[in-house]
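Structure assessment
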Amino acid sequence: MSSAEQLIKLLDFNLTQHNFDNAKKLLNDENQFGQTILSNYPEVIQQVVLKHLTANNYEKQPELYEACEYILSLFAEKCHQQGILFEFLEILENVKDDDVFRSILKSLQVILLKQSESKTRSLEYTLNSIEDYILELELSDVFKKKYLDEEEEKLLENDEKIRRILMNYLTLDLFYQPILKQIIENHSNDKKIFRVTKYNRQNVLFCFILRLLGKPLSHLNLSHDSESNKVKTYSRDVAENLVKTLCKLYPDVFNILQYIEFRCRWPQKDKIDDDLFNIFLHPEKVPLLQFGILLYLIIVENINYETLPQTYSPNYLFKTGIYCINEMIVANDTVAPKGLKLCYKMLSKITECLSSDELDIKIHEDFCNNLIKLLIYSPSKKNRQSALIVMRTYILKFDIAGRYLLIKNIMSCSTHKGLIGYLSTLYKNIILESINDETLPSHLSGFNFKQLLFNFICKLEGGVQCDITESSDQIIAALNFLNVIIQRDKTNKTGIRSHLSDLKIKYLCDLRSALDFSRAHFTAEIERVKINVDTKCNKQDDDVVSNFEILNDNAPLAEITKEKKMEMLHSALATFDLIDFHLARVNEIIHQISIKIIFTESQQWYKTSSCLEFRSILDVSSCTTNPLYISRSFHISSLTLYAEKNIEDFRAREEQKESEYNQQPLENENSEKEKQSNEEDEQVLEVKNKILEAALEFVTVNGWTRQSIVKGAEKSGYPSTIHGMFSNGGIELINYFYLKCNKELVEKMRERVGDENEKVADPKQFVSWAIQERLIMIRPYIKTWPQALAMMTLPPNVPTSLANMLTLVDDICYFSGDRSVDFNWYARRIGLATIYKATELYMLQDSSINNENTWKFLERRIADASLVHDVLVQSESATQHLSQAVGSAFITARNILGLNFDRR
Amino acid sequence: MPEVIDLSNDGGVLKEILKEGEGKEQPCDGCVVSCHYTGTLLDGTKFDSSLDRNEPFEFKLGKGQVIRSWDIGVASMHKGEKCMLTCAPEYAYGVSGSPPNIPPNATLKFELELLGWKGEDVSKNGDNGIERYVIVKSDKKKTPNDGARVKCKIVGSYEGRVFEERDVEFNIGEGEDYNIIPGVETALEKMHEQETSRLIIKPKYAFGSEGNEQFKIPPDATVEYLVTLHEFEREVEAWKLDAEESLKQAKIFKEKGTNYYKSDRFQQALKFYKKGLSFLSNCDTSVEGEARTVSVSIYLNKALCYQKLNDYDEMRRVCNEALSMEPKNIKALYRRGQAYFTLGEIENALADFEAVHEIEPENKAAINQITICKQKIKSYVEEEKKRYKSMLSRYCSSDGSKEDVPQLEDPFANVSKFGEWTEEERSHTITKFEEENPDVILCDNVFFKEELKNM
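Each chain has its residues counted from 1, following the order in which its sequence is written. Going through the entries in the order they are written, you letter the chains from A and number the ligands from 1. Local features in this predicted model are restricted to residues whose pLDDT is 70 or higher, and side-chain atom pairs enter the listing and the counts only when it is 80 or higher, whereas totals over whole chains, interfaces and linings include all residues. Each side-chain value is derived from all of the structure's non-hydrogen atoms; neither hydrogens nor water enter the calculation.

Considerations on the overall build of chain A
Helical segments are the DSSP runs of H or I of at least four residues, strand segments are the runs of E of at least two, and each set is numbered from the N terminus. From N to C terminus, chain A includes 39 helices and zero strands. A buried classification covers 53% of the 904 residues belonging to chain A. We call two residues contacting when some pair of their heavy atoms lies within 4.5 Å. Nonlocal contacts in chain A, meaning residues at least 24 apart in sequence, comprise 74% of its contacts between residues at least 6 apart. Just so you have it, chain A exposes about 42100 Å², and 51% of that area is on carbon and sulfur atoms. Each residue gets one of three labels from its accessible area relative to the maximum for its type: buried under 20%, exposed over 50%, partly exposed in between, using a 1.4 Å probe on protein chains only. Note on areas: Shrake-Rupley with a 1.4 Å probe; residue coverage comes only from the protein chains shown.

This is the structure:
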């Protein structure tokens, strides 16, 4: 047995027997044993120290443990540096226990402090081994299960595993602080002009601490509300410490962003050279994610922000920071929100527009793709929402060209219909921002506008056979887009009015058919489900209705109950109604525009040509418009109206009409009425009414035309020439009918309500009943009613028609018990008018028996309206989407009424 | 009292020199400059200072890295100069400020000392092997991708002596084949369109330890290059491609295709024409303009390629594409005529050639083609005539010889009384044809039946 072995045995014996003094003596004996032991340190450590240096001993025999620690530090102090370092690193690799880990760190610190600046490598190896240990630390299982809110995240600190992580971070802090101090002191006298970026101890240590910001710390909640007096969480403490240390090592951390940008734009093609001259160009030494966390802590959490240079331009910080943000948002669900917050904060600091030239750089494409992924697929609702906000802010921070490019490109790389719909709305808002300018930028008009309109906004994926339920968001947004842009862009700045016929052919007609298909399919589906409910009751069969994939292919079919299914089917039908309604609106507007065009064209035609030929006007109509779904007879009938007038008659009224035209069609309806009543003798009025009443009979055959009036006159015994009394032709017949029905309705309502001062029990039901009654009156004339509608929308007829409409609505409101005079007065009437008008439009194309579908439609509309009303009353901060919907409903209503409601 | 210089010409950035610098040189765009500064608000509150950090502040000049007043201010300084910059809010943090340190709408004062600068290091591993000094700046952001074709001018000099000067076009990554030193190639990847830069290249990225005999470059020599990047190729799916740029790219590809065409590599040429057209999808070709002209000419070139490849169907198709944009394009009409001609549709070909002739009455080629077509048609008609004649004459001769034979071939010969059902007809079985066409009844005639069986 050699002397060394003997000594080791002796040492071991002393330790086991708790003769610590003896052991110490043995080691410190300079002359004899000490030297032998020190020169045989590997054996001593392996055979003696590690045996006793255990977690168990730390708790039960602290003295023994301490003695072991002492031996290690003695070795670190006295042995050959490089050798003992490797010995320790080897131990570190196998360490499983935090206490032992700490002990080793203590000794490592001693060694590293003794090393000179040139030993960068050994510092790096040591730090790498330590990092490995930290990375091994387990995170709490909680993270795998669900998504927590902020407060819950903070409570996690009580989790044992997380506490262990934080303990280790504190240990590390104790470990590196002295080393850091030494390094900084060594460098304090350097007066270098440029920052040294090569491998040195300072930079290596910086990179190590930076990497500590990654997993597991990055998963924890690091926020702190400085306003409240709450105590900082431990994780926040740790994070603050790390950031402060990093700022000591590299006072201007933003400077590193340039290297990050450089290496991301021009990545190294070959294997990365470990001997990089600039350590910050190394993707593994300065990882993007961790650097992003650092930026997050500085910029969002305001740690040490004030000590950093304030001279950087916010645009630059975002343009370079986006590389880190990009990395953060693809990370897991606890890091991604930090990335989003960072992105939002950086964007909101930007003062000048970002140039569209920036989009040349690929990172924006990657960033958008990742953002889209997050906002569509993230399982956490909060993340999806904030991703959407970030995307919106991001797009709006660019100049107009940039916004256009972003919208276009995001639309082209995402198939999510809701997103496309959202972006359509965004584009619409961008256009509206500058719609009042003299000219629109090229990205909001002309070819670019057309491209976006046809290729993305108004595109029916899959054509007529497309699934409407899936793309309802997109469709509604598109229809809303058309509606608003066509109306607001009166002078055709965007060029939309030149595309109307294309729109009809390429989009609206297809949409119409698709809608009809889908509705038929769903109605059939409802029938089927109903039948199956019956069979289930009879047979006690648990069979689930198949063929349900149309709503959601991912949802497990078996879990859907019958009720749920019906609910979904009905909600789908409601969506169809909504689309139907919007579609009708858009068609109507396009229609009005084309009528206007025809009207002006035919007017010019009257002037220039003396002969009046019916056919040639029809030619005008066929070249300017395409037939629509509501009624093909629209133009033709309205044109016959003009064609039938003889030319003298026309010329006589020419001037009067023109002045009406210039004056805005909307005249005060009261004065109109007065004028009428003054002009016309009561007796004449009586005769007129008599004739008109008789004329109604012929409407079904001859339409709302002079022809019917002539027939009516004949029938009631007046000469047929008397139609000259009715200078306005068919429209007078319509007005008469309208007023007559209004009167009848008032009678009916009065009957039902009884005493006028009594309130109705259920206003909703009453309103629904009233509208239904009123619509039933139209029913006999339903075939020719589109013609009447069209005539009422002709500019000269608008004031009277409007007055009639408003009287109707007002009457219904009055009898339903609404005597209020507040703001709701307007809202309610406009809402009701919307419902009435929508239902009327719906009825035109309803072929069901007794118009049952129409009544259902009406009920849904009324239910919707009260829902909207409730929301408006309950919360002002309704979600954006809903408020948009409400907004558009009001605009639509206003448009239907053809006025701004402050006029009345 | 030191003089106050208005650097922005609107009083937004004012400079007072506190200590004159040395030399005449000033830092240029892209240089890394280093300075010490102390920033204060007008009320004297210090909000930021590099001295507190005990480290000079470093940034790249003229790249928008810093607030605008700094890019302007520092560019006007000399080495060692010390000055006081007064920056109006619009040249600093604007209306919103930068909380918490800088309040909204704040005018900022900076005491600045320029310590020095160096060229931008564009080498891949940051060893300062390639230093760049931008001479002519470009506002474009895009840089050539790996493998992209670049057109540039390079001027190499060593100790003031120019040793090479040439315009060169090559693909990034293949510079070696064109005797481009690695340093220039690496730097080109970081350059923008229309940029000119001076490059100082260490031997490692230049001619190495061997030097270059042809250029008389000794071993281990640091050389200097002046490089201008004229243009480079872009990918089609790039996000930011406006109509103008797309058009430019389409032209590049058209040119490339034409080069291949000239060297008889038609497939290759078609590939490039296709790429060119896909760029043009960003442009509005529905109205007259350059985009349409280019697009039409690409289609026409494609027609030529297909002609060489004997694919006349395709040739006709691309001509139609061109004609859909310009219905009166002579070349398109002519080429479509040729395609029709080869496809044997002589009448169509004639129509096209005549259309050409109508637009351009003195077009010789068209006249020739018309004559050829007419001849062809004539000979065709004649041949047809001949054929029919012989047929007819044969028929006539056979007719003559069989004149006395009862007209058995006449289908109606058997139907003696029209409108009456013969016994035969009543018993006739319904054929398949009749089943399918209930309103047709066939007379029971061998001739008809045989004929219709196969329908």
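Side note on the overall build of chain B
Within chain B, the secondary structure is distributed over 13 helices and 13 strands. A buried classification covers 47% of the 455 residues belonging to chain B. Expressed as a percentage of contacts within chain B between residues at least 6 apart in sequence, the contacts between residues at least 24 apart total 58%.

Comments concerning the side chain of R195(A)
For R195(A), the location among the structural elements is in the loop between α12 (160-187) and α13 (201-212). What qualifies as a polar contact is a pair of N or O atoms within 3.5 Å, subject to a donor-acceptor requirement within protein and to the restriction that residues adjacent in sequence count only when both atoms come from side chains. Here N203(A) takes part through its side chain, which lies 3.0 Å from a polar atom of the side chain of R195(A). Within the local environment of R195(A), its side chain forms a polar contact with the side chain of E55(B), the two groups lying 2.7 Å apart. Here R195(A) is in contact with Q202(A), N203(A), L249(A), Y250(A), P251(A), E55(B) and E58(B), once residues within four sequence places are set aside.

Some words on the side chain of S235(A)
Residues and elements named next belong to chain A. As for its position among the elements, S235 is in helix α14 (residues 234-249). Residue classification places S235 among the buried positions, given a relative accessible area of 2%. Aside from chain neighbours lying at most four places away, what touches S235 is E157, L166, L220, N221 and L222.

Here's the deal with the UniProt feature "domain: Ubiquinone biosynthesis protein COQ9 HTH" (unreviewed entry) in chain A
UniProt positions are given in the numbering used here, feature names are shortened, and annotations may be inferred rather than shown by experiment. The positions that UniProt labels "domain: Ubiquinone biosynthesis protein COQ9 HTH" (unreviewed entry) are, in the present scheme, residues 687-714 of chain A. From the first C-alpha to the last, residues 687-714 of chain A spans 13 Å; its make-up is 89% helix and 0% strand.

Some details on the pattern of salt bridges
All names here are of chain A. Here a salt bridge means any side-chain nitrogen of Lys or Arg lying within 4 Å of a carboxyl oxygen belonging to Asp or Glu. For the structure shown, the criterion picks out 48 salt bridges over all chains. Among the ionic pairs, E433 bridges to R403, the shortest N-O distance being 3.8 Å. Taken together, the positions of E433 in helix α22 (residues 417-433) and R403 in helix α21 (residues 400-413) put the pair 30 residues apart, joining distant regions of the chain. The exposure class of E433 is exposed, given its relative accessible area of 58%. The salt bridge partner of D580 is R512, with a shortest N-O separation of 2.9 Å. Separated by 68 residues along the polypeptide, D580 in helix α26 (residues 562-608) and R512 in helix α25 (residues 500-539) bring together distant segments of the chain. For the pair D580 and R512, a shared accessibility class is recorded, and that class is buried.

Considering the sheet that holds strand β13 (residues 223-232) of chain B
Residue and element names in this part refer to chain B. Note on pairing: DSSP must find at least two bridges between two strands before they are called paired. Spatial ordering of the open sheet is given by β8-β9-β12-β13-β10-β11, a layout of six strands whose pairing is antiparallel. Edge strands, defined here as strands with exactly one partner in the open sheet, are β8 (120-121) and β11 (161-171). Note that β8 and strand β9 (residues 130-136) share two bridges and pair antiparallel. Counterpart to E120 in the pairing with β9 is R132.

Points about the nonpolar core
The nonpolar side chains of a soluble globular protein tend to be buried, and buried together. Take the buried Ala, Val, Leu, Ile, Met, Phe, Trp, Tyr and Cys residues and link them wherever side-chain atoms come within 4.5 Å; each set so joined is a nonpolar core. Membership of the largest hydrophobic core comes to 223 residues, with the highest contact counts inside it found for F254(A), Y394(A) and W70(B). Ranked by the residues each element gives to this core, the list is headed by α26(A), at eleven residues. Setting aside anything within four residues of it in sequence, one finds W70(B) in contact with T311(A), C35(B), Y37(B), F57(B), F59(B), A75(B), F110(B) and L112(B). Counting 51 residues, the second-largest nonpolar core is a separate cluster that includes A695(A), L745(A), I771(A) and F815(A).

Some points on the environment of Q772(A)
All names here are of chain A. Structurally, Q772 can be placed in helix α34 (residues 763-778). On the accessibility criterion, Q772 (23% relative accessible area) is partly exposed. Placed 68 residues apart in sequence, Q772 and E840 show a C-alpha to C-alpha distance of 9.7 Å.

Observations concerning unusual backbone geometry
Residue and element names in this part refer to chain B. Notably, E159 is not glycine yet its phi reads approximately 50°, a positive angle. Within the secondary structure layout, E159 lies in the loop between β10 (149-158) and β11. Its identity as a non-glycine residue notwithstanding, D220 has a phi of 50°, on the positive side. Following the sequence through the fold, D220 ends up in the loop between β12 (196-201) and β13.

A few points about the confidence of the model for chain B
The predicted model of chain B has a mean per-residue pLDDT of 82, with 85% of residues at 70 or higher. Prediction confidence for the complex, expressed as pTM and ipTM, is 0.70 and 0.72 respectively. A residue's pLDDT is the predictor's confidence in that residue, given on a scale from 0 to 100.

Remarks on the pairing of strand β2 (residues 13-19) of chain B
Every other side chain in a regular strand lies on the same face of the sheet, so the side chains alternate between the two faces. All names here are of chain B. One ladder, built from three bridges, connects strand β1 (residues 4-6) with β2; its direction is antiparallel. When the sheet's bridge partners are listed, I5 is paired in β2 with K15. Linking β1 back to β2 in an antiparallel pair, the connection comprises six residues, with N9 at a positive phi of about 65°. Relative to strand β6 (residues 82-87), β2 is paired through six bridges, and the arrangement is antiparallel. Residue L14 lies in a different strand from β6, and its bridge partner there is T86.

Description of a negative patch on the surface
Residues and elements named next belong to chain A. A cluster of like negative charges, contributed by E90, E93, D132 and E136, occupies part of the molecular surface. Put simply, the parts of the chain that give the negative patch at least two residues each are α7 (81-94) and α9 (120-136). With respect to the helices and strands, the residue D132 is situated in helix α9. What makes D132 partly exposed here is its relative accessible area of 47%. Patch construction takes residues with relative accessible area above 30% that form no salt bridge. Like charges are linked within 9 Å, and nonpolar side chains (Val, Leu, Ile, Met, Phe, Trp, Tyr) are linked within 5 Å. Charged residues are defined narrowly, with Lys and Arg counted positive, Asp and Glu counted negative, and His plus the chain ends left uncounted. Each charge is placed at NZ for Lys, CZ for Arg, CG for Asp and CD for Glu.

Remarks on a nonpolar patch on the surface
On the surface, a nonpolar cluster with roughly 240 Å² of combined accessible area is contributed by I135(B), V136(B) and L226(B). Note that I135(B) resides in strand β9.

Here we look at the environment of V330(A)
If you trace the backbone, V330(A) turns up in helix α17 (residues 314-330). C-alpha separation for the pair V330(A) and L371(A), spaced 41 residues apart in sequence, amounts to 8.2 Å.

What about the packing of helix α7 (residues 312-325) of chain B against helix α8 (residues 330-343) of chain B?
Residues and elements named next belong to chain B. Packing of α7 against α8 brings their axes to within 9 Å, and their N-to-C directions diverge by 155°. Looking at the two axes, α7 sits roughly antiparallel to α8. Considering how the two elements wind past one another, α7 and α8 form a crossing that is left-handed. Residues Y312, D313, M315, R316, C319, N320, A322 and L323 of α7 lie in contact with α8, whose contacting residues are A332, L333, R335, R336, Q338, A339, Y340, T342 and L343. Each residue is assigned to one of three groups, with Ala, Val, Leu, Ile, Met, Phe, Trp, Tyr, Cys and Pro labelled nonpolar, Asp, Glu, Lys and Arg labelled charged, and all others, Gly among them, labelled polar. Here the contact of α7 with α8 is built from residues that sort into ten nonpolar, three polar and four charged. All axes here are fitted lines through C-alpha atoms, helices being fitted over the stretch that makes contact, and every angle between N-to-C directions spans 0 to 180 degrees. By the definition adopted for this analysis, an angle is roughly parallel if under 35 degrees, roughly antiparallel if over 145, roughly perpendicular if from 65 to 115, and oblique otherwise. For any helix crossing, the convention is left-handed if the near helix is rotated counterclockwise from the far helix by under a right angle, and right-handed if that rotation is clockwise.

Overview of the UniProt feature "repeat: TPR" (unreviewed entry) in chain B
All names here are of chain B. Mapped onto this structure's residue numbering, the UniProt feature "repeat: TPR" (unreviewed entry) falls at residues 250-283, 296-329 and 330-363. Between the C-alpha atoms that bound residues 250-283 the distance is 10 Å, and the span itself is 82% helix and 0% strand. Helix makes up 82% of residues 330-363 and strand 0%, whereas the separation of the span's terminal C-alpha atoms amounts to 10 Å.

Considerations on the pairing of strand β5 (residues 57-60) of chain B
Residues and elements named next belong to chain B. In β5, alternate side chains face the same way, and those of F57 and F59 on one face and E58 and K60 on the other are all buried. Bridge count for strand β3 (residues 32-41) against β5 is four bridges, and the pairing is antiparallel. Within β5, the position partnered with S34 by the bridge is E58.

Side note on the confidence of the model for chain A
Any residue range with low pLDDT should be treated as having predicted coordinates unsuitable for detailed reading. Residue and element names in this part refer to chain A. When the pLDDT values of chain A are averaged, the result is 75; 75% of them are 70 or greater. pLDDT under 50 marks residues 536-558. Its contacts with residues more than four places away, or in other chains, come to 27 contacts. Every residue in residues 871-904 scores below 50 in pLDDT, and together they form 41 contacts with partners more than four places removed in sequence or on other chains.

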